[in-house]
Amino acid sequence: MSRQPVSTEHAPAAIGPYSQAVRCGNTLYFSGQIPLDPATMALVEGDIATQARRVFDNLKAVCEAAGGSLSQVVRVGIYLTDLDNFAAVNAVMAEYFSEPYPARSTIGVAALPRGAQVEVDAIAVLD
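Remember, it's a predicted structure, so these values are computed and weren't measured experimentally. Here the residue numbers are simple positions, counted from 1 along each chain's written sequence. Local features are withheld for residues below a pLDDT of 70 in this predicted model, meaning they are given only at 70 or higher, and side-chain atom pairs are given and counted only at 80 or more; totals for whole chains, interfaces and linings count all residues. The side-chain quantities take in all heavy atoms of the structure and omit both hydrogens and water.

S.K.: Help me understand the pairing of strand 4 (residues 73-80), please; the structure alone is not making it clear to me.
M.R.: Successive residues of a regular strand alternate their side chains across the two faces of the sheet. Relative accessibility decides the category of a residue: with a 1.4 Å probe and only protein chains considered, values under 20% of the type maximum give buried, values over 50% give exposed, and everything between is partly exposed. Segments assigned H or I by DSSP are reported as helices when at least four residues long, segments assigned E as strands when at least two residues long, and all are numbered from the N terminus. Within strand 4, six of the eight residues are buried, which leaves it mostly tucked inside the rest of the structure. Pairing analysis gives seven bridges linking strand 4 to strand 6 (residues 118-125), with the strands arranged antiparallel. Its bridge partner being in strand 6, Arg75 is matched across the sheet by Ile123. A strand pair is defined by DSSP finding two or more bridges across the two strands. With six bridges joining them, strand 4 and strand 5 (residues 103-108) adopt parallel strand pairing. Looking at strand 5, one finds that Ile78 is bridged to Thr106.

Here's what the structure looks like:
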């Protein structure tokens, strides 16, 4: 099965040797997104909810570029520099997903690229 990179200007360009996502068959593997504004490539300012919304908007843009939607996401990985932000990120995630919710892990990390407070990666199965 061939791998097809997915890219869109509506999400931040890769800042390293990776693709925004890779499609293999009907499965879409997203690279982690941090809260970068795709127009400026700058970290968005604001609280954790603002950063989380930017991350999920970025993931949504990549998913749409592959011809999918967030409703097709089956797994989400969330990385937080402060697990006290867990509830706030949960609330934002609920704005983007509905039941049945994707499987998920949330992991506390020491640091993220560019000083971000949150990073999210995902897997989707496209119809």
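From this point, the narrative continues.
S.K.: Looking at this structure, I do not really get the environment of Gln72. What am I missing?
M.R.: Structurally, Gln72 is set in the loop between helix 1 (48-65) and strand 4. In sequence terms Gln72 and Ala61 are 11 residues apart; their C-alpha atoms lie 13 Å from each other. Side chain to side chain, Gln72 and Asp127 meet in a polar contact 3.2 Å long. Any pair of nitrogen or oxygen atoms within 3.5 Å is treated as a polar contact; in protein, a donor-acceptor pairing is required on top of that, and neighbouring residues in sequence qualify only through side-chain atoms on both sides.

S.K.: Looking at this structure, how should I read unusual backbone geometry?
M.R.: The phi torsion of most residues other than glycine is negative, and most of the peptide bonds are trans. Each neighbour pair has its own omega, and for Glu99 with Pro100 the value is 0°, a cis peptide bond. Along the polypeptide, Pro100 turns up in the loop between helix 2 (86-96) and strand 5. Notably, Met41 is not glycine yet its phi reads approximately 60°, a positive angle. Relative to the helices and strands, Met41 is located in the loop between strand 3 (27-33) and helix 1. Its relative accessible area of 23% is what places Met41 among the partly exposed residues. The backbone of Arg114 sits at a positive phi, close to 60°, despite the residue not being glycine. With respect to the helices and strands, Arg114 occurs in the loop between strand 5 and strand 6.

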